[in-house]
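Single-letter residue listing:
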Amino acid sequence: MERVLITGADGQLGTELQKTGPKNFEFLALGRDKLDISAVEPIADTISQFRPTVVINAAAYTAVDQAEAEPEKAWKINSLAPGYLAVACRKSRALLIHISTDFVFDGLGNTPYKPDSKTSPLGSYGRTKLLGEEKILEELSTALIVRTSW
């Protein structure tokens, strides 16, 4: 049986992932009250104990405007934590699926973005999400990064 760890379980995306997940998978869905993703040890311990085959990172600091006032908090959650998840997934051989954002672009294009389109975030939120993507790929080249938009 596939074992899937979902971070950010209390958020909008995490909630929907739990509702729509395949019934033949075992899920462990953890919100910020159960898993502090901004610290290495809780992530490593959780992945080591649960031994997921897939980790879906739906956790993020998503207050786009507030990220300008709290850049350090956004950086810890959006930049550092994805790197920690990537290291733990590499060590446990779990697939990491990371949910990112189109805010890594400047929004000035008039055609759909491609995975290799030039990034150019305009604010703290987009910059921290892009750094998170980069940290993941430095640690785990097999990770999947999904960029979403409203």
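Report on the accompanying structure. (Residues numbered from 1 in each chain as written. Predicted model: local features only at pLDDT ≥ 70, side-chain atom pairs only at ≥ 80, totals over all residues. Heavy atoms only, no water.)

### Focus on the pairing of strand E2 (residues 26-30)
Two elements, strand E1 (residues 3-7) and E2, share 5 bridges in a ladder whose sense is parallel. Within the sheet, the bridge partner assigned to Ile6 lies in E2 and is Ala29. Following the backbone out of E1, through helix H1 (residues 12-20) and into the adjacent parallel E2, one traces a crossover that is right-handed. (Pairing = 2+ DSSP bridges. Helix = DSSP H or I, 4+ residues; strand = E, 2+ residues; numbered from the N terminus. Right-handed = clockwise from strand over helix to strand, strands pointing away.)

### With respect to the side chain of His98
You can see His98 is positioned in strand E4 (residues 95-101). His98 sits in the buried class, given a relative accessible area of 1%. Ignoring any residue separated from it by four or fewer positions in sequence, one finds His98 in contact with Asn57, Pro82, Lys129, Glu133, Ile136, Leu144, Ile145 and Val146. (Buried < 20%, exposed > 50% of the residue type's maximum accessible area, 1.4 Å probe, protein only. Contact = heavy atoms within 4.5 Å.)

### Side note on unusual backbone geometry
Positive phi is not limited to glycine here, since Arg51 has a value of about 55°. Within the element layout of this structure, Arg51 appears in the loop between helix H2 (40-50) and strand E3 (54-57). Not every positive phi belongs to a glycine, and Arg93 is a case in point at roughly 65°. Following the sequence through the fold, Arg93 ends up in the loop between helix H4 (71-92) and E4.

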